[in-house]
Amino acid sequence: MMKRFMSIWFPHLITDWYTVRHRELAGVPLIFTIKSRGRLLITAANAEAERQGVCAGMVAADAKAIMPGLQVVDEIPGQAERLLRAIGDWCIRFTPCVAIDMPDGLVLDISGCAQLWGGEQEYLKDIVAKLGKRGYDIKVAIAGTIGTAWAVARFGHSAQIIEPGAQVDALLRLPPAALRLEPLVLDRLRKLGFQRAESFIGIKRSALRRRFGEGLLLRLDQALGKEPEVIVPLQHIAPYEERLPCMDPIRTAAGIEIAIQTLLEMLCKRLKGEEKGIRTAMLKCYRIDGQVVQAEISTNKATRNTSHLFRLFELKVPGIEPALGIELFTLEATKAEDIDAAQEALWTVEGCGLGDTDLAELLDRIAG
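Since the structure is predicted, the reported quantities are computational estimates derived from the model, not experimental observations.

Cut-offs used in this document
- Residues numbered from 1 in each chain as written.
- Predicted model: local features only at pLDDT ≥ 70, side-chain atom pairs only at ≥ 80, totals over all residues.
- Heavy atoms only, no water.
- Phe/Tyr/Trp six-rings, centres within 6.5 Å; stacked < 30°, edge-to-face > 60°.
- Buried < 20%, exposed > 50% of the residue type's maximum accessible area, 1.4 Å probe, protein only.
- 1 Å grid on protein atoms, 1.4 Å probe; cavity = no way out; pocket = protein on both sides within 12 Å on 5 of 7 lines; lining within 4 Å.
- Points joined across faces, edges and corners; volume = space filled by probe spheres on them.
- Nonpolar A, V, L, I, M, F, W, Y, C, P; charged D, E, K, R; others polar.
- Pairing = 2+ DSSP bridges.
- Helix = DSSP H or I, 4+ residues; strand = E, 2+ residues; numbered from the N terminus.
- Axes fitted to C-alpha atoms, helices over the stretch in contact; angles between N-to-C directions.
- Contact = heavy atoms within 4.5 Å.
- Core = buried A, V, L, I, M, F, W, Y, C linked by side-chain atoms within 4.5 Å.

### A closer look at the packing of aromatic side chains
Tallied over the full model, the rule gives 10 aromatic pairs. With a centroid separation of 5.0 Å and an interplanar angle of 80°, the aromatic rings of Trp117 and Tyr123 are classed as edge-to-face. The same class applies to Trp117 as to Tyr123, namely buried. Of the aromatic side chains, those joined through ring pairs into one cluster are Trp90, Phe94, Trp117 and Tyr123.

### A few points about the layout of surface pockets
The space that makes up the largest pocket amounts to roughly 560 Å³. Around the largest pocket sit 23 residues that line it, and Trp9, Phe10, Pro11, Pro103 and Asp104 are the ones nearest its centre. When grouped by side-chain class, the residues that make up the lining of the largest pocket number 14 nonpolar, 3 polar and 6 charged.

### What to know about the sheet that holds strand β3 (residues 39–45)
One open sheet holds the 3 strands; their spatial order is β3-β2-β4, and the pairing between them is mixed. Of all the strands in the sheet, the pair left with one neighbour each is β3 and β4 (71–74). The mean inter-strand angle of the sheet, taken between neighbouring strand axes irrespective of direction, is 45°. Strand contacts of helix α1 (residues 13–21): β2 (30–36), β3 and β4, with the helix running at about 120° to β2, the strand carrying the most contacts.

### Let's talk about the nonpolar core
Counting residues in hydrophobic clusters, the biggest one holds 35 residues, and the most contacted among them are Met6, Ile8, Phe10, Leu106, Leu108 and Tyr123. Put simply, the parts of the chain that give this core at least two residues each are β1 (5–9), α1, β2, α4 (79–90), β6 (105–109), α5 (120–133) and β7 (139–143). Ranked by residue count, the leading element in this core is α4, at 5 residues. Sequence-distant contacts of Leu108, defined by excluding residues within four places in its chain, comprise Arg4, Phe5, Met6, Ile8, Cys91, Thr95, Cys97, Val98 and Ile127.

This is how it looks when you write it as structure tokens:
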């Protein structure tokens, strides 16, 4: 599978979060500050403050002289990481592989996911729209490497989706800072007049190594896909899990049942190829309001009989409250065991098999 990554940048993460909780501050210049050596230094500024020349790193007193009506809030230690973790957990709706990119971003491995939205363009638009509704101003880019996606999200001016193999063209016009280089290396590049990546990307590697060290070559190779780069997901990626995103939120029992049936068929088909069956399975329903509703079933013997498994889940449907709607269903075989054809046949014996509704209900109660 061709690898694809999305970088999400929150240029005003903390101030956006604070404004969502204090609606009266919408449109008001706002900064967060921390005390350092007897002075208040700005650690974050919202878009309104930045438009008037205020930015992180400034002394708060100087900023207030520019804008007397500036709102000042004390920095909350660790809040940025907590926010990114919470937003990352919410992004499980779009991919099972989400990682924090401190101090103000997320990285999503979206390989194979965008097709469920009809393509990367619709996938990107949906994420931007939903995070926008939650009050966050974001910049997003999709590329074949983490490095290029990161660079375009923060320094790109037009294309948000970089086609496979087009990393070089995407990076040429961007500044050296787009390569995630150390401040010392950036300072050396600036002093030598290298304003864009195109001015040094074609220089011999030996010369670049001698002047700027291995760090520049590593970041360049990662962005171009010549050197692998891995991320540490926020959540464990289950070995046997299927996902079903919904273009329109599901609010009815009938819709939930259709989703369960679809997921069971997908999961059992996959398990059949590995000669395994389900002993326990967990259904998770991700609602629009951010809540996750769960339902679990278990069987006495491993099975891939979708009819029987559906009957067990069907008993759980009345307890699944969709509220405003469910936008993602996941089904995980939390316990899977080897199974052979003779064992599977036991589930379909005429008259006394486990397809019998009463027996299925009894087994469900015992398992619960």
